[in-house]
Amino acid sequence: MESANHLNQQEYGAIERAPLPRNMIENSMFEEEPDVVDLAKESPSYPIDSDDVVYEPRSSRLLVRGLGENDLDEDEEDYESSARLLGMSFMNRSSSQRSAASPYTRQQHSGSCSKPSTKSMVVGVVVLVLVASMLMVFYFLLGCTFTTEGCQKTNSTMDSIYPISTNGELFPWAELRLPPSVHPVHYNISLYPNLTLMTFQGSVSILVQVLHETKKIVLHSSDMNIIKATFDGKEVHFLEYKPWQQIAIKFTEDLKKGRYVLDINYTANLSSNYDGFYNSSYVDTNGIKRVLAATQFEPLAARKAFPCFDEPAFKSTFTIKMTRESNYISLSNMPKVKTTELKNGLQEDEFEKSVKMSTYLVAFIVADFISVSNNVSKTTVSVYAVPDKKEQVQYALDTACKLLEFYNSFFDNNYPLTKLDLVAIPDFLAGAMENWGLITFRETTLLVGTNSSPIDKQLVTSVIAHELAHQWFGNLVTMRWWNDLWLNEGFATYMQYMSIQNVFPGLDIDTEFLNVRFKALAKDALNSSHPVSTVVSNPEQVEEMFDSVSYEKGASILLMLNAVLTDVEFQKGVSEYLQKYNLSNTESEDLWNSLSQVSEQNLSVSEMMNTWTVHKGFPLVTVKRSGTQVTLTQEHFLLNAENSTDDSSLWHIPLTYVTDKCSVLSSCKQVFHLKDKTATLKLPDQVKWLKFNFKSDGFYIVHYEEGWKDLIDALKNDVNVLTGKDRAALINNIFALSRSGKVFFKEVLNLMDYIRNETETAPLTEALFQLGQIYRLLDKKSELYLAARMKSYIEDHFGKLMDSQSWDLETSVSKMTLRSALLEMACSLNISDCATKAMHLFDQWFNSNKTSQIPSDLVRTVFKVAAQTDEGWDKLLDLYKHSINDPEKRKTLEALASTQDIRKIIWILQSSLDGSEIQTQEFPLVINTICKNFAGHLYAWDFVKENWDKITQKFPVGSFAIQSIIMSATSQFSTKNHLVEAQNFFASLGTKGSQMRIVQEAIETIKLNMRWMENNLNTLQCCL
């Protein structure tokens, strides 16, 4: 699945790299926990006892100077905040702290007690023993309790082990994961969604295999009204335990090994959220509301559409029948076999029996879509969309066909189905979902308009490449359990970049992949991170696995492995892995073993890679050079080592390096395997400097101690002495080292001096991103003088390059990415005449009836400038409501959310959450955008706190959407007041989120911000 957070990052470039929470390309989306812990049991590192916390939801807001008490209407008063309006000063920008003395005081006794005699003590003990003995006799012999009810039946051991089902009976299973004694073999599913009543009727017939004699069958079901259940033709009584979404059938005698049939009839409501079998809608160009029904089952929602064994390892085949009205079509994983006419004008579509697959990959849709198709490699590829957008599907069709051919060849294992549908869903939370044969997408990630830029196409191509890779990694071969989700997502992420580099080299995907690796490093440097393969034992932890570690770090360590192996070895190992485990489930070790068997190098892939999947985090390699002798030391890199839970981890690091003798060509690369804490590298000749981690292909960072000066001097003399990726990596590494306290910020500024001579996209965008983060921290902390100095610093180092940017159409993706980052920074900081030029372009576009084209990569920047005026904002709101160009619509929404007008901010927060004017799927984006600016960031934080129940009704606890919302709202706090406020709020959530890994990440990030400010304010005052 492609996360939405990843979608946001990729769509808008490196300068907007999120503060980290599922590869929206499934949700990128977008940060986390102490070392492998059960979050349901382990208490967080900060005090978070909800019983002891009184949460006051508005404590972050103070009056805004300039707004009279009668200036806001009732709704707006509800969100009165300490955020500033343009041109307004503040009485106070931070929360006030309330403290109260304890109401309890220790009482001091004035007198003293005399010591009892020995005789008295003996008599007292005897009396106590006699009384206790009598009580025990009464309790155990009479079996009575001393209550008004008299004798009561004692609890049995069974009562204390098994939970109580909804009807009061004991539920016969006491674990979240299903018993292994019964496996599904085949499902026959019949569904009739009523798109008027928003309900559906269903029946499922499951052929099950009893592998071990048992007196129970346990499976999943959620939010269903089960009407009748029969087992081998006989009606049976079922039990339900809702907290675990399980139902069970108990038998008086053991079921013998063999096959049986379980039939269940049920009804349910179509979900109003974005999982299970849910209702969606859109308004067509005639203003008519259209409805449809679609599915999103990953990770735990197939059970909301039909009772099933809803775990990845319970693979089965499926036959699906869908009843619909004649003006709709229905789609499922497999091709349609026939359509049968029913009474009342209904029709029933029946689909072919599926291949063997996990329940989370089942999908079906009932809608009024149109499609275009093409045949490639014996597969019919089709792209579906709403009728109004039929002109926007051709690029996706052409791209999917090319990528399908590439994957068939690379994997040496042809796509096994005869059809592959790609469907754009108007309401869809993730970036996309890899349902086998029926891939679903957000419209933004599949549709390409006539005026779309190469950057828009890069996003669409990336998502398609990711989801097609899943047809092999995830669908054909599936992880056994969610702890190894990275086998699905990490591999699909890696393949998306590798395939695009081969099939679409003009899309400059290498720079995007480098940014992705930097994002993964930033997240994994937190103590709240987790191993790639980690313990997953409850539904919230399953949701939380869809994060940057599973996606981007998983992809990064595969890139590192591919760089160690030859391309031929890597490809052969992957191919053999897919063939060996075809239609099966695997664990990480299975992949490493397949790659080890084809490697001709003296290398145990399993031994090396296990250090990267089992350990949390990544290593810092410290380099000390003395003549031709280089001492290398590794340690676990943490931004905040004070709270480290483990500093003994060792990685097998395939260190790569270049020297001043040869530093740019791939043939210059040398390799040294660092396995121990410390090792010595002997160079053959004297060198001026070394640069480790060639092109940043390895997942580690490097500290050069005295060697930084030599590298900086070399860059100041000639920027091309290193590759652009290596220069970007030096910038990324030194900012991370500064944040951890390993180097002084003066050293960072020393490196930044070379940037005036930089011309390549990767290092420039990385520098802009890092400096932009510092500027926003200073601004949010009300360090206005230093924020102004940072603005001047940015203008001094990037101003000439900003001024030299063209505002005309551009075709190079690399140049567009750089231009977008430079001009957005310039306009947001009001540098030079950027805002004037942007407003001129907007007026020209609007006055020409939108025929004078704005370069697509500049649309967001231009719209954000226009949105700062009332007239411009109103024009953009009208455009948002009526546009059918999804990339344009999304950029318009970002512009609307960037307003400094508090009333507009309140309106857009409310509208995006309730879904009235803005789709609820965009709520995380709205929060993220508002929180970038000072005017709205405290309003957004208060809105999240006060509407948490509504938010978690729409987005599952732990999901990538929730991760994004939390990090967007808190990641730029840097004061003690906000730390305490965040701790208290999250503590008050109880089961609704207090134990989430992302909560620990948010708290850790605030503490890091506080420490960085404390350590560096003086340096900034001195050196900027």
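Here's a quick rundown of the structure.

## Concerning the overall build of the protein chain
A tally of regular secondary structure across the protein chain gives 30 helices and 30 strands. About 40300 Å² of surface is accessible on the protein chain, with carbon and sulfur atoms providing 49% of the total.

## Quick word on the packing of aromatic side chains
Per the counting criterion, the structure on display carries 53 aromatic pairs. Relative to Tyr241, the ring of Phe171 lies with its centre 5.9 Å away and its plane at 35°, an arrangement referred to as tilted. With Phe171 in the loop between α4 (157-161) and β2 (182-194) and Tyr241 in strand β7 (residues 238-241), this pair connects stretches of sequence that are 70 residues apart. Each member of the pair, Phe171 together with Tyr241, is buried. Here the aromatic rings of Phe745 and Trp1012 are separated by 5.5 Å at their centres, their planes lie at 90°, and the arrangement is edge-to-face. Of the two residues, Phe745 sits in helix α16 (residues 745-752) while Trp1012 sits in helix α30 (residues 997-1023), which places them 267 residues apart along the sequence. The class for Phe745 is buried, based on a relative accessible area of 2%. We classify Trp1012 as buried; its relative accessible area is 7%. One Lys or Arg, Arg177, reaches over the ring of Trp481 and ends 3.9 Å from the middle of that ring. Here the basic side chain of Lys875 rests over the ring of Phe846, its NZ or CZ set 4.1 Å away from the ring centre.

## Details of the pattern of salt bridges
By the definition in use, this model includes 40 salt bridges. Arg303 is paired through a salt bridge with Asp310; the nearest N and O atoms lie 2.9 Å apart. Accessibility assignment for this pair places Arg303 and Asp310 in one class, buried. As a salt-bridge pair, Arg324 and Asp349 come within 2.5 Å of each other at their nearest N and O atoms. Pair noted here: Arg324 is in strand β12 (residues 317-325) and Asp349 is in strand β15 (residues 346-351), with a separation of 25 residues, a long-range link. Of the two residues examined, Arg324 and Asp349, each falls in the buried class. Residues joined by salt bridges that share partners form a network here, namely Glu824, Arg860, Lys864 and Glu894.

## Remarks on the pairing of β2
As paired elements, β2 and strand β3 (residues 199-210) share 12 bridges and run antiparallel to each other. Pairing of Asn194 across the sheet is with Thr199, part of β3. Between the antiparallel neighbours β2 and β3 lie 4 residues, among them Met198 with a positive phi of about 60°. Pairing between β2 and β12: 6 bridges, direction parallel. Counterpart to His186 in the pairing with β12 is Thr317.

## Details of unusual backbone geometry
Residue Pro299 is bonded to the preceding Glu298 through a cis peptide linkage, with omega at 5°. If you check the backbone angles, Ser377 has positive phi at about 50° while not being a glycine. Structurally, Ser377 can be placed in the loop between β17 (370-376) and β18 (379-385). The exposure class assigned to Ser377 is partly exposed, which follows from its relative accessible area of 36%. The phi angle at Asn849 is positive, at roughly 60°, despite the residue not being glycine. Examined against the element boundaries, Asn849 turns out to sit in the loop between α20 (834-847) and α21 (859-866).

## Topic: the nonpolar core
Nonpolar side chains tend toward joint burial in soluble globular proteins. Membership of the largest hydrophobic core comes to 319 residues, with the highest contact counts inside it found for Phe306 and Phe692. Ignoring any residue separated from it by four or fewer positions in sequence, one finds Phe306 in contact with Tyr187, Ile189, His220, Met224, Tyr266, Phe297, Phe318 and Val362.

## Let's talk about the pairing of β15
Within β15, 6 of the 6 residues are buried, leaving the element largely enclosed by the surrounding structure. Residues Leu346, Glu348 and Glu350 point to one face of β15 and Gln347, Asp349 and Phe351 to the other, with burial holding for every one of them. Taken together, the 5 bridges between β12 and β15 define a ladder with antiparallel strand orientation. Looking at β15, one finds that Thr323 is bridged to Glu348. Inspection of the sheet shows strand β14 (residues 336-341) paired to β15 by 5 bridges, in the antiparallel sense. Note that in β15 the partner of Thr340 across the bridge is Glu348.

## Section: the sheet that holds β7
One open sheet accounts for 3 strands, arranged β4-β8-β7; its pairing is antiparallel. Both edges of this open sheet fall to β4 (214-220) and β7, since each of them pairs with a single strand only. Neighbour-to-neighbour, the strand axes of the sheet open up by a mean angle of 30°, direction not taken into account. Pairing between β4 and strand β8 (residues 246-255): 6 bridges, direction antiparallel. Within the sheet, the bridge partner assigned to Leu219 lies in β8 and is Ile247.

## Some details on helix α10 (residues 548-564)
A turn of α-helix holds 3.6 residues, and therefore any two residues three or four places apart point the same way. For α10, which comprises 17 residues, the first-to-last C-alpha distance of 23 Å matches the rise-based estimate of 24 Å (1.5 Å per residue) to within 8%. With 16 of 17 residues buried, α10 lies mostly within the body of the structure. With a side-chain oxygen positioned 3.2 Å from the backbone nitrogen of Val549, the residue opening α10 is Asp547.

## What to know about the environment of Phe491
With respect to the secondary-structure elements, Phe491 resides in helix α7 (residues 485-503). Classification of Phe491 as buried rests on a relative accessible area of 0%. In the structure, Phe491 is positioned 66 residues away from Ile557 in sequence and 9.7 Å away in space, judged by C-alpha atoms. Setting aside chain neighbours within four positions, we find Phe491 in contact with Phe473, Trp486, Leu558, Phe570, Val574 and Leu591.

## Focus on helix α14 (residues 707-717)
Every buried residue belonging to α14 is among Trp708, Leu711, Ile712, Ala714 and Leu715, and all of these are buried. Looking straight down α14, one finds its buried side chains confined to an arc of 160°; they lie on one side. Across from the buried face of α14, at angles greater than 90 degrees, the exposed residues are Lys709 and Asn717. For α14, the elements touching its buried residues are β29 (690-692), β30 (701-703), α15 (724-740) and α16.

## Side note on the sheet that holds β29
Taking strand neighbours across the sheet as the criterion, the 3 strands line up as β27-β26-β29 in an open arrangement whose pairing is antiparallel. In the strand order of this sheet, the two ends are held by β27 (670-674) and β29, each with one partner. The mean angle between the axes of side-by-side strands here comes to 35°, regardless of whether they run parallel or antiparallel. Strand direction decides the pairing type here: strand β26 (residues 653-659) and β27, joined by 5 bridges, are antiparallel.

## Remarks on the state of the cysteines
In this structure the tally under the stated criterion is 2 disulfides. Here Cys827 connects covalently by a disulfide to Cys834, the sulfurs 2.0 Å from one another. Of note, the bridge from Cys827 to Cys834 carries an S-S torsion of about -85° and is left-handed in sense. The exposure class of Cys827 is buried, given its relative accessible area of 10%. The buried category is assigned to Cys834, whose relative accessible area is 4%.

Procedures and definitions
Residues numbered from 1 in each chain as written. Predicted model: local features only at pLDDT ≥ 70, side-chain atom pairs only at ≥ 80, totals over all residues. Heavy atoms only, no water. Helix = DSSP H or I, 4+ residues; strand = E, 2+ residues; numbered from the N terminus. Areas by Shrake-Rupley, 256 points an atom, 1.4 Å probe, with all protein chains shown as cover. Phe/Tyr/Trp six-rings, centres within 6.5 Å; stacked < 30°, edge-to-face > 60°. Buried < 20%, exposed > 50% of the residue type's maximum accessible area, 1.4 Å probe, protein only. Lys NZ or Arg CZ within 6 Å of the ring centre and 35° of its normal. Salt bridge = Lys/Arg side-chain N within 4 Å of Asp/Glu carboxyl O. Pairing = 2+ DSSP bridges. Core = buried A, V, L, I, M, F, W, Y, C linked by side-chain atoms within 4.5 Å. Contact = heavy atoms within 4.5 Å. Axes fitted to C-alpha atoms, helices over the stretch in contact; angles between N-to-C directions. Expected span 1.5 Å × (residues − 1). Polar contact = N/O pair within 3.5 Å; in protein donor to acceptor, adjacent residues only side chain to side chain. Arc of directions from axis to C-beta. Disulfide = S-S within 2.5 Å.

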